[in-house]
Amino acid sequence: MSFIETRSLTKIYGTGETAVHALRRVNVSIEKGEFVAVTGASGSGKSTLLHMLGGIDRPTRGKVCIDGIELFASSDSTLAAMRRQMIGFVFQSYNLIPVLTVQENICLPLKMDQQKPDRNYYNELIELLGLGGKQTRLPGQLSGGQQQRVAIARALIARPAIVLADEPTGNLDSENSAEVLRLLKESVEHFEQTLVLITHDNSVAEQADRIIVMRDGQVAEDNNL
Amino acid sequence: MNSMASLAFRYFKVQKRRTAITVISMLLAIAMVASVGLLISSLRNMLIASKTGNNGVWHYRISLSDASSLTGTRADWQTMLDSDKIASSGLSDEQTYLRVSDTTNNYYNLKQFDAAAMALMPYAGRITAGRMPENEREIIISNASAAFWPDGDPLGKTITLMTSRFSEMEIVQTVKGEEASISAINAQPQEYTVVGTFERFRASNAPNISEAATLNPELSTGVTLYVQLNNRGNFDRTMAQLLASAGLESETVLEPHSGYLRLIGQGGDMVKYLFGGAFLLLTVIILSVMMIVIKNSYMLSVVEKTEVFGILRCLCATKKQIYAFVFWEGLFTWALSLLPGGLAAFAAMYVIVNQAATLGISALDGLRFAVPAWPFLAAASATLLTMLLSIIGACKKACAITPVEAFRGNDPYQGKNAVSITKMEMKRGRRMSIRQLLSKRNRQKNASRFRITVSAIGVSVLLFVFFAGAATAVTDFMGRYINKGGMDFVFASSHHVEKSADSYAALRADLAQYTEILTMQEVYPIEYMLNVPEDKVRAEYEAVWQQFYPVDIPFMSLPAFAELGTRLKSIEVLPVNRENYALLDLAEGSVDYDSLLASGSVILCQSEVFRDNAIMQVTDFGSFVVGDTISIAQETVDGMQQIRNLSVGAVLNATPWFAPERTHGFVLVPIETIDSYYEQGGNTNNLYTTGMLCIQVAEENLPVMQERLSERAKSAFGALTGFVFNSSFANNQEIVKTVDVINLFVYGFLVLIAIICGLNIFNTIWADLSSRRKEIALLRAIGMGQRQLISYLYSECVQYAVFGAVPGCILGFLGLYGVVQVMKSYLFIELSSPVQIISVTIAVTLLIACLAGATPIRRITKAAIIDEIRACD
């Protein structure tokens, strides 16, 4: 069994004639430690697939299994615990908590688990992501690239097994985009994590181990590079 | 409609929830202000009806006999009376009295009126039987006093009465030093026909035998001129001018109908200060709460429309136009609230006032629902002004929104509500749980919203603690007037008809038809002094005496009759019958009734009731026991001292149920022997004429017996002649009902304040959570569990409640304490422990806050995570 597996994953919005099939019986398998890029046109179902993998959206039909555990058969508290401990999510629009500082945003998943961060690991992340000297700042005091780095750090602080990134460079300029991508790759390699990343950028996609192309809610191509 | 008005109207319709909450809050405020005005009007009308119902609708009476020059006829006064400032005037002669019988003080003051004066009197509206008199040989008399006519109901009968003028009465001294008119010089017999009976405004069984009235259409001279002015200008000044025009000083002859004049706004500041002050105070309280709520609501509304205002500024809207936008929204809310608020006030007061009027509380006799226009106008204008003042802040906030802020959102590090992140803050943050940290930071970010909401809660809680505490103190105070364990009903001698032992026997026989009566006891109190040896005086008694009486009145004084080594104590000698003796709580060793009779010994009650306003304390003054000998003394008719040495055959452990309250200890004797204790040589019928028959009934039968005995007492002839019915049960019921009415109004008012406050909390929490939907969804996306999230959100609701309720409770209690300390100079009022009220208040506030948050919390926690994030992107 693969580390991440979806079986006949389906998501339908609305009903009847106005129903929108965002995902149609999608079957995907991802191994541990893989770097997978998901591409496709707008509305192809990329983000929907990612949200299902992260447990933040429920499928209409089908299953998502992570490390043998069926995600949506679990209770809400188990699902929340998995999101805290096993999954790190990086959103396109950073989505930091505006009233918390950089440090507090980064440590948020651990604080929810009532755990203290490993000081060394935390410092390592800060250094890796170039956030030294900005830990007491609020998100509103940071640039877009800096905010995205904080979001990445937040996604990594709990050493999750899986990192899901939804167009992490979508709102960044090319310089910041390259930098963020490099950091993501470095950290998942460093910490042996599985990375699933959505991108419109072919140059980004080509850096992945595997590219899944979505079209009309289905996997159109699955290239193992 | 201009563009800003139509835009405001569009949003007014779109923001349904916010609009509904704001409209309801304003509607409640309008209803409450108008209700206060309607209630005040109804109460004022009730007081006016009471004054005019008792004394008539005249404004002034001029005493024609007080000045030597005033002996003229109506013709002499006609010039003054012809003034257009006088609406009506009439003459009366009130100096005649009619003797009903030979019994002392049994007479009527016969008042004669001409037709105009009679019209100003209250009799016509108070006729209970018969009709008004049509000439000077026909009289009407007060209803209850008909019972004192020696030959039964006088209605319709023609009677010859001795008629005399007051100036011709003779005054004599009685044995007790009182003055009493017992005969008249030059009294003439005159025939009168009693054509009707009338009732005083406050229907009462107390006789008013001093008044009869007749109409003398030809009355041309008299001693009093009654005047009613036209309702224009200052009455005092008008009367002074009129009298001056007739060459008279108003101070010597003029008597205003003071209470009535004050109530109609003349002759003093009562209307202004009492009614106006009460209206103003309550209106200010209501509108203060409303102002905070409305202000908060419009601030939230502006925050929600930040982007809209940013766009308007981008499109070069001026500040004036932005002001207009917010103003129109406020105006629509106010306009929409007016009619329902007015209707709600009308309906609520219609029900409440009419219900209160049916409760049978004597203080509310004649209460009728009044609907003048001024409460509605006052409510409309006061709430409009409050609304305008409330939206000033929102207008300024709307104008301050820049396009950049509108599109980028409200960064928490900028502006007044900046979140401060110092090293200390960081250090503290590390020690806090995520729930505490997020709550604190969000409070900092939305500090003004938090402050306004907490202020509204604080003010509401302050009002609740203050008024609920005051109502509790007042009801406790009034509750002390409730008599428990004493006599339930009393037939007391009116002192105007001579009584004997047979009178009470006849009364007993009459009342024997009521099987619900448990026991009856005749009470003929006789005052004595008891010699108390020093060694029998209880030490604690003196301390209680000092507490209730001024220091310079020593207890047990009057050494003139005291034996050496004793003190004198005032007591009353009362009779007890065999039936009630068996029911008394007697000390051990007390003998039986037959032994008392045989030995001539007595029962001693050493319990004294001290009463000062509503505070009562019972304490023993002496330590006599069964077998002791006591010495009592009384001054006789001829000024000698009668001393009796009596053996104590029984000692009471408690005051007997039939004991009158204003007493200082008792000696009870078998009723068969009571005559011997009356002053030697005195007329024992005087003893019975000042007595009473006390009745006890089982508790479950009190209401039915109240009704039956009241009805029986109305036809006060035969056995009941000369007896007046009083009911402790009715008095207690009146106190209970009065307390209920006070509590109804106070707690009704507070519940409405609480509703307004609750709506405000709901509004704030909903807006707060709605503005943080994305943040909350993110927390869930990152892994915050459902339970953790719900606990976090409810903890924020609790914070609103606690931060508002705690200072509100403290300030409310301090205010109440201060007022009670001031009131203690006038009333013995006590502040009960605040723990209960404060606990209830905080619990209710917490409940309201959690209920206010329940719906938005449920909605937000159940929504799909990604939908919430996307909706806010």
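Keep in mind that this is a model prediction, so the values were computed, not measured. (Residues numbered from 1 in each chain as written. Chains lettered and ligands numbered in written order. Predicted model: local features only at pLDDT ≥ 70, side-chain atom pairs only at ≥ 80, totals over all residues. Heavy atoms only, no water.)

So, the overall build of chain B
Item 1. In terms of helices and strands, chain B carries 26 helices and 24 strands.
Item 2. Residues classed as buried in chain B amount to 49% of the 873 residues present. (Helix = DSSP H or I, 4+ residues; strand = E, 2+ residues; numbered from the N terminus. Buried < 20%, exposed > 50% of the residue type's maximum accessible area, 1.4 Å probe, protein only.)

Side note on unusual backbone geometry
Residues and elements named next belong to chain A.
Item 1. In this model, Ser8 sits at a positive phi of 50°, which is unusual for a non-glycine residue.
Item 2. Along the chain, the position of Ser8 falls in strand E1 (residues 4-13).
Item 3. Its relative accessible area of 26% is what places Ser8 among the partly exposed residues.
Item 4. A positive phi angle, close to 55°, is found at Gln114, a residue other than glycine.
Item 5. Looking at where Gln114 falls in the secondary structure, it is placed in the loop between helix H4 (108-112) and helix H5 (119-128).
Item 6. The exposed category is assigned to Gln114, whose relative accessible area is 72%.

Looking at empty space enclosed by the protein
Item 1. For the coordinates displayed, the defined rule picks out seven cavities of 30 Å³ or more.
Item 2. Estimated volume of the largest cavity: approximately 130 Å³.
Item 3. For the largest cavity, the lining is made up of 13 residues, of which Arg83(A), Ile87(A), Gly88(A), Phe89(A) and Ile782(B) are closest to its centre.
Item 4. Going through the elements one at a time, helix H2 (76-85), strand E6 (87-90) and helix H6 (144-156) of chain A together with helix H23 (773-782) of chain B are the ones with two or more residues in the lining of the largest cavity.
Item 5. In terms of residue count, the dominant contributor to the lining of the largest cavity is E6(A) (three residues).
Item 6. Of the residues belonging to the lining of the largest cavity, the class tally is eight nonpolar, two polar and three charged.
Item 7. Of the volumes computed, that of the second largest cavity is approximately 100 Å³. (1 Å grid on protein atoms, 1.4 Å probe; cavity = no way out; pocket = protein on both sides within 12 Å on 5 of 7 lines; lining within 4 Å. Points joined across faces, edges and corners; volume = space filled by probe spheres on them. Nonpolar A, V, L, I, M, F, W, Y, C, P; charged D, E, K, R; others polar.)

Description of the side chain of Gln706(B)
Residue and element names in this part refer to chain B.
Item 1. Here Gln706 is to be found in helix H21 (residues 702-714).
Item 2. Among the polar contacts made by the side chain of Gln706, one reaches the side chain of Ser727 at a distance of 2.5 Å.
Item 3. Excluding residues that lie within four positions of it along the chain, Gln706 makes contacts with Phe489, Ser727, Phe729 and Ala730. (Polar contact = N/O pair within 3.5 Å; in protein donor to acceptor, adjacent residues only side chain to side chain. Contact = heavy atoms within 4.5 Å.)

Digging into the interface of chain B and chain A
Item 1. Contacts between the two partners involve 32 residues from chain B, matched on the other side by 29 residues from chain A.
Item 2. Counting each side, the surface lost to burial between chain B and chain A is near 2800 Å², with a carbon and sulfur contribution of 65%.
Item 3. For the chain B face of the interface with chain A, the top three residues by lost area are Met426(B), Ile782(B) and Ile866(B), together amounting to 21%.
Item 4. Applying the counting rule to chain B against chain A returns one salt bridge.
Item 5. For the salt bridge of Glu104(A) with Arg441(B), the shortest nitrogen-to-oxygen distance reads 2.5 Å.
Item 6. Linking chain B with chain A are 12 residue pairs in polar contact (both at pLDDT 80 or more), by the criterion used here.
Item 7. Going through the elements one at a time, helix H13 (423-431), helix H14 (434-445), H23 and helix H26 (865-872) of chain B are the ones with two or more residues in the side of chain B that touches chain A.
Item 8. When residues of the side of chain B that touches chain A are assigned to their parent elements, the largest contribution, seven residues, is made by H23(B). (Buried area = accessible area lost by both parts, 1.4 Å probe. Salt bridge = Lys/Arg side-chain N within 4 Å of Asp/Glu carboxyl O.)

Quick look at a nonpolar patch on the surface
Item 1. The grouping of Val798(B), Val802(B), Phe803(B), Val806(B), Ile810(B), Leu811(B) and Leu814(B) at the surface amounts to a nonpolar patch, some 570 Å² of accessible area in total.
Item 2. As for its placement among the helices and strands, Val806(B) is situated in helix H24 (residues 786-823). (Patch = residues over 30% accessible without salt bridge, like charges linked within 9 Å, V, L, I, M, F, W, Y side chains within 5 Å. Areas by Shrake-Rupley, 256 points an atom, 1.4 Å probe, with all protein chains shown as cover.)

Here we look at a positive patch on the surface
Item 1. On the surface, Arg119(A), Lys427(B), Arg430(B) and Arg431(B) cluster together into a positively charged patch.
Item 2. A per-element tally of the positive patch places H13(B) first, with three residues.
Item 3. Structurally, Arg431(B) can be placed in helix H13. (Lys, Arg positive; Asp, Glu negative; His and termini not counted. Charge placed at Lys NZ, Arg CZ, Asp CG, Glu CD.)

Looking at the side chain of Gln228(B)
Residues and elements named next belong to chain B.
Item 1. Structurally, the position occupied by Gln228 is in strand E11 (residues 224-229).
Item 2. There is a polar contact of 3.0 Å between the side chain of Gln228 and the backbone oxygen of Val57.
Item 3. Every residue in contact with Gln228, bar those within four places of it in the chain, is listed here: Val57, His59, Ile86, Ala87, Ser88 and Leu120.

Digging into the confidence of the model for chain A
Item 1. Per-residue pLDDT for chain A has a mean of 88; in total, 99% of the residues score no lower than 70.
Item 2. Averaged pLDDT values over the elements of chain A bottom out at 82 in helix H7 (residues 174-190) of chain A and peak at 93 in strand E8 (residues 194-198) of chain A. (pLDDT = per-residue confidence, 0-100.)

Some words on the sheet that holds strand E13 (residues 489-493) of chain B
All names here are of chain B.
Item 1. With respect to topology, four strands assemble into an open sheet ordered E14-E23-E13-E24, the strand pairing being antiparallel. The open sheet has two edge strands with one neighbour each: strand E14 (517-523) and strand E24 (723-727). Mean inter-strand twist for the sheet, computed between neighbouring axes without regard to direction, equals 20°.
Item 2. Its contacts with the sheet put helix H22 (residues 728-771) on E13 and E24, and the angle it makes with E24 is roughly 40°. (Pairing = 2+ DSSP bridges. Axes fitted to C-alpha atoms, helices over the stretch in contact; angles between N-to-C directions.)

Observations regarding the pattern of salt bridges
Residues and elements named next belong to chain B.
Item 1. Scanning all chains against the criterion turns up 32 salt bridges over all chains.
Item 2. Residues Arg508 and Glu522 are paired through a salt bridge, measuring 2.6 Å at the closest nitrogen-oxygen approach. Within this pair, whereas Arg508 is found in helix H16 (residues 501-511), its partner Glu522 is found in strand E14, the two being separated by 14 residues in sequence.
Item 3. The salt bridge partner of Arg538 is Glu540, with a shortest N-O separation of 3.8 Å.
Item 4. What makes Glu540 partly exposed here is its relative accessible area of 42%.

A few points about the pairing of strand E5 (residues 138-142) of chain B
All names here are of chain B.
Item 1. Burial analysis of E5 places five of its five residues in the buried class, which makes it a mostly covered element.
Item 2. Two elements, E5 and strand E9 (residues 188-198), share five bridges in a ladder whose sense is parallel. Counted as the bridge partner of Ile139 is Val194 from E9.
Item 3. Of the strand pairs in this sheet, E5 and strand E10 (residues 211-215) are connected by two bridges, and their pairing is antiparallel. Its bridge partner lying in E10, Ile140 is registered against Ala213.

A look at the sheet that holds strand E4 (residues 61-66) of chain A
All names here are of chain A.
Item 1. Judged by pairing direction, the sheet is antiparallel, and its four strands sit side by side in the order E2-E1-E4-E5 without closing on themselves. This sheet does not close on itself; its edge strands, each paired only once, are strand E2 (20-30) and strand E5 (69-70).
Item 2. Of the pairings in the sheet, the one linking E1 to E2 comprises seven bridges and is antiparallel in character. Bridge pairing in E2 places Ile12 opposite His21.
Item 3. Across the sheet, helix H1 (residues 46-53) is in contact with E1, E2 and E4; its angle to E1 comes to roughly 120°.

Side note on the packing of helix H10 (residues 319-357) of chain B against helix H11 (residues 374-400) of chain B
When two helices pack together, you describe them by how their axes are tilted relative to each other and by the distance separating the axes.
Residues and elements named next belong to chain B.
Item 1. Look at H10 against H11: their axes get within 9 Å of each other, and the N-to-C directions meet at 150°. Viewed along their axes, H10 and H11 adopt a mutual orientation that is roughly antiparallel. Considering how the two elements wind past one another, H10 and H11 form a crossing that is right-handed. Facing H10, whose interface residues are Lys319, Ile322, Tyr323, Val326, Phe327, Gly330, Leu331, Trp334, Leu338 and Gly342, H11 presents Phe376, Ala380, Thr383, Leu384, Met387, Leu388, Ile391, Ala394, Cys395, Lys396, Ala398 and Cys399.
Item 2. Across the contact of H10 with H11, the residue classes break down as 17 nonpolar, three polar and two charged. (Parallel < 35°, antiparallel > 145°, perpendicular 65-115°, else oblique. Left-handed = near helix turned anticlockwise from the far one by under 90°.)

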